[in-house]
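Architecture and fold: a report
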Amino acid sequence: ETQADSEMQADFLLRTGRVVDESEPKYPKFLSMSSEEARLKTFQNWPSYVRVTPKDLANAGLFYTGSNDQVKCFCCGGKLMNWEPGDIAWNEHRRHFPDCFFVLGRDVGNVALES
Ligand SMILES: [Zn+2]
């Protein structure tokens with residue numbers, strides 16, 4: 001496309017209010033998984049060979065994708081898998097996605113389970 005084209009496109013996006021600040025992505029990525037209880041429910045078919053418990057994973061903001069031992073964070077959308085004995089859900093989440101707002105303790109609308 002030509003320079004003029006992209007300028008027109010930019011102008012269009014501005015006028016229609018579709019320009020978003022990319023430095024401030026919208027969280028959480030998976031609004032329906034904001035509640036720990038909802039996340040816990042996704043682990044019904046969690047493989048029994050995985051040593052990390054659904055309780056710990058859900059508590060760390062993670063829900064089960066239904067494939068192998070792959071989980072995702074409701075907030076950053078980060079994917080974690082190949083859990084090994086001794087892995088701690090929170091630690092892995094923090095190690096791989098240190099910029100996750102949930103990891104950082106920001107208010108992202110998490111609804112914790114009552115303990
Ligand atoms: Zn995260």
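This section reports on the structure supplied with the text. Keep in mind that this is a model prediction, so the values were computed, not measured.

What counts as what
Residues numbered from 1 in each chain as written. Predicted model: local features only at pLDDT ≥ 70, side-chain atom pairs only at ≥ 80, totals over all residues. Heavy atoms only, no water. Donors = N, O, S within 2.8 Å, 3.2 Å for Na, K, Ca; no water. Tetrahedral: all angles 85-135°; square planar, octahedral: opposite > 155°, others 65-115°. Helix = DSSP H or I, 4+ residues; strand = E, 2+ residues; numbered from the N terminus. Buried < 20%, exposed > 50% of the residue type's maximum accessible area, 1.4 Å probe, protein only. Salt bridge = Lys/Arg side-chain N within 4 Å of Asp/Glu carboxyl O. Contact = heavy atoms within 4.5 Å.

Focus: the coordination of the zinc ion
Within the protein, the zinc ion binds to Cys73 (SG), Cys76 (SG), His93 (NE2) and Cys100 (SG); these donor distances fall in the range 2.1 to 2.3 Å. Its 4 donor atoms give the zinc ion angles of 100 to 123 degrees at the centre, a pattern that matches the tetrahedral case. Of note, the zinc ion draws all its donor residues from one chain, in the sequence arrangement C-x2-C-x16-H-x6-C. In this pair, Cys73 sits in strand S2 (residues 71-73) while Cys100 sits in the segment after helix H4 (89-96), placing the two residues 27 residues apart along the sequence. Look at Cys73 and you get buried, because its relative accessible area is 0%. Cys100 gets classed as buried once you look at its relative accessible area, which sits at 2%.

Quick notes on the pattern of salt bridges
By the definition in use, this model includes 1 salt bridge. Of the charged contacts in the structure, one is a salt bridge between Glu92 and Arg95, with a shortest N-O distance of 2.9 Å. On the criterion of helical spacing, the pair formed by Glu92 and Arg95 is a turn pair, its members being 3 residues apart in helix H4.

Some words on the environment of Pro54
You can see Pro54 is positioned in helix H3 (residues 54-59). Look at Pro54 and you get partly exposed, because its relative accessible area is 25%. For the pair Pro54 and Thr42, spaced 12 residues apart in the sequence, the C-alpha separation amounts to 8.8 Å. In this structure, Pro54 is in contact with Leu40, Phe43 and Trp46, ignoring residues within four places of it in sequence.

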